[in-house]
Every structure is written in structure tokens, then in C-alpha cells.
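Given next are the chains, with one letter for each unit.
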Amino acid sequence: MITVNDLKNGLTFKYKGSIYLVLDFQHVKPGKGSAFVRTKLKNLSTGSTQDITFSNTAEKIEKAIIEKFTMQYLYLDGETYNFMDLKTYNQIGIEKAKLKDSLKYLVENMTVTVVMHEGDIMDIILPEKMDYEIIEAEPGIKGDSKSGGDKIAKIETGHEIRVPLFINVGERVIVNTVLGTYVSRLK
């Protein structure tokens, strides 16, 4: 057991039946009143992010031990996505429902981090930036590289993102998989 005062970025803990990852925390000691801890947490079960303020800094919480495995996405079999552990070559299947928003950017042979707690798969973490082929977009406007306009384009996974007007079908672009935004053309 640890206290709320011990929270740090990257720490995982159990709270109200769920497992949370600390994304950001702030110890606040106001001039009047008692200290409190303001946190930004990711619920590893649902994938949602929430802000929680702990008014009692001595409150006890249980630290959650999670394991992370580097795995490669192999193929889809029905509703199951199959991954291979890059150290042991063991394969596991993960149901579509557990992958949540990661499916927007998941492509075969991609290396991901699988997060597990007591043998249960909680989440997968994609590389922050990945390159994708544009498979559908309005025709590009020649010479329009500085106007600041954008359009919707579909990447190879079928997910739509906003890209600059000069991007065309067949080009490869770098996408921030955390924010879901266009970063640049692949050079």
C-alpha cells in the first residue's frame, strides 16, 4: 500500500475497482486549508482519461503491478487480433473490444507494447508516430503548400485524418497515433 502523496507519473494503482495509470499529478499546498493532490489518470480498463482530486493526501491506495511485453501484430482472425511476443515467440489473441481506439492505427507487423495485470490484458500502446499510406483523398492542389487549409484523407487502416491540401493518394504520411493528427509527409 502507498499513500496518495506517493503518486508519480507512470505509476499504476487500484482505485474504486479499476486500475489507473498516472499521466500527471500535482501536489497542492494552499495557504489556508490542507494539502491535496490533483491528478490526470488513464483508466486502463476503459481507456478513458479523467481528472481526480484527492483531498486526503494520507489516503491509502494499492499499487498495481503491471507487466509490459513488446509484441508484433500478426493478423486478424474473425474478431481476434493475434500478436507474437518478440522474446519468446509465443502468440496471444486479443479480442477486438480490448483494443479500443488502437484499431484506428493498427497495421500488420507493427510492434506494440501489450500491458497486462495479473494475466489480464489491459491495453496496448502503439508507437507515438507511425507512417501510413493515404488510400483515399480529394486531389491535391498543386503549389498549395502554405495556405494552411486541410482536407479529410483515409489512411490504410480505414481511419480518416485531416491532412494538408497538397497530400495525394499513394503518398505516405507520418501520423501521431496519440493525438490522431497528421505530422508530416514521409521523406
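Residues numbered from 1 in each chain as written. Predicted model: local features only at pLDDT ≥ 70, side-chain atom pairs only at ≥ 80, totals over all residues. Heavy atoms only, no water.

Overview of the pattern of salt bridges
Counted according to the given criterion, the structure contains 10 salt bridges. Across the pair Asp 123 and Lys 42 runs a salt bridge whose closest N-O atoms are separated by 2.8 Å. Here Asp 123 is found in strand 11 (residues 120-125), whereas its partner Lys 42 is found in strand 4 (residues 36-43), with 81 residues between them in sequence. According to the relative accessible area criterion, Lys 42 is partly exposed, its value standing at 22%. Linking Asp 150 and Arg 162 is a salt bridge whose minimum nitrogen-to-oxygen distance equals 3.1 Å. Taken as a pair, Asp 150 in strand 13 (residues 150-155) and Arg 162 in strand 14 (residues 160-164) lie far apart in primary sequence, 12 residues in all. Looking at Asp 150, the relative accessible area reads 38%, which means it is partly exposed. Residue classification places Arg 162 among the partly exposed residues on the basis of a relative accessible area of 46%. One salt-bridge network, in which partners are shared between bridges, spans Lys 14, Glu 62 and Glu 118. (Salt bridge = Lys/Arg side-chain N within 4 Å of Asp/Glu carboxyl O. Helix = DSSP H or I, 4+ residues; strand = E, 2+ residues; numbered from the N terminus. Buried < 20%, exposed > 50% of the residue type's maximum accessible area, 1.4 Å probe, protein only.)

With respect to the packing of aromatic side chains
In the structure shown here, the tally under the stated rule is 7 aromatic pairs. With centroids separated by 5.1 Å and ring planes inclined at 70 degrees, the aromatic side chains of Tyr 15 and Phe 54 adopt a geometry described as edge-to-face. Pair noted here: Tyr 15 is in strand 2 (residues 12-15) and Phe 54 is in strand 5 (residues 49-54), with a separation of 39 residues, a long-range link. (Phe/Tyr/Trp six-rings, centres within 6.5 Å; stacked < 30°, edge-to-face > 60°.)

Section: the layout of surface pockets
By rolling a water-sized probe across the atoms, one finds the places where empty space is left. Within this model, the largest pocket holds a volume of roughly 640 Å³. For the lining of the largest pocket, the secondary structure elements donating two or more residues are strand 3 (18-28) and strand 11. No other element matches strand 11, which puts 3 residues into the lining of the largest pocket. (1 Å grid on protein atoms, 1.4 Å probe; cavity = no way out; pocket = protein on both sides within 12 Å on 5 of 7 lines; lining within 4 Å. Points joined across faces, edges and corners; volume = space filled by probe spheres on them.)

Considering unusual backbone geometry
Backbone geometry places Lys 16, a non-glycine residue, at a positive phi of 50 degrees. Relative to the helices and strands, Lys 16 is located in the loop between strand 2 and strand 3. By relative accessible area, which is 72% here, Lys 16 ends up exposed. With a phi close to 50 degrees, Glu 118 is a non-glycine residue in the positive phi region. Tracing the backbone through its elements, the reader meets Glu 118 in the loop between strand 10 (111-117) and strand 11.

A look at the sheet that holds strand 8 (residues 80-85)
Across the sheet, 5 strands lie side by side as 9-8-7-10-11; this open sheet has antiparallel pairing. Among the strands making up the open sheet, the edge pair consists of strand 9 (91-95) and strand 11. Averaged over all pairs of adjacent strands, the angle between their axes in this sheet comes to 45 degrees, without regard to strand direction. Looking at chain direction, strand 10 and strand 11 are connected through 5 bridges and run antiparallel. (Pairing = 2+ DSSP bridges. Axes fitted to C-alpha atoms, helices over the stretch in contact; angles between N-to-C directions.)

Things to note about the pairing of strand 12 (residues 129-137)
Pairing between strand 12 and strand 15 (residues 172-176): 5 bridges, direction antiparallel. Looking across to strand 15, one finds that Met 130 is bridged to Val 175. In this structure, strand 12 lies alongside strand 13, joined through 3 bridges in antiparallel fashion. Each residue of the ladder has a partner; that of Glu 136, found in strand 13, is Lys 154.

Focus: the confidence of the model for the protein
On average, residues of the protein score 87 in pLDDT, and 95% of them reach the 70 mark or higher. Across the protein, strand 8 holds the top mean pLDDT of 94, while helix 1 (residues 96-99) sits lowest at 83. (pLDDT = per-residue confidence, 0-100.)

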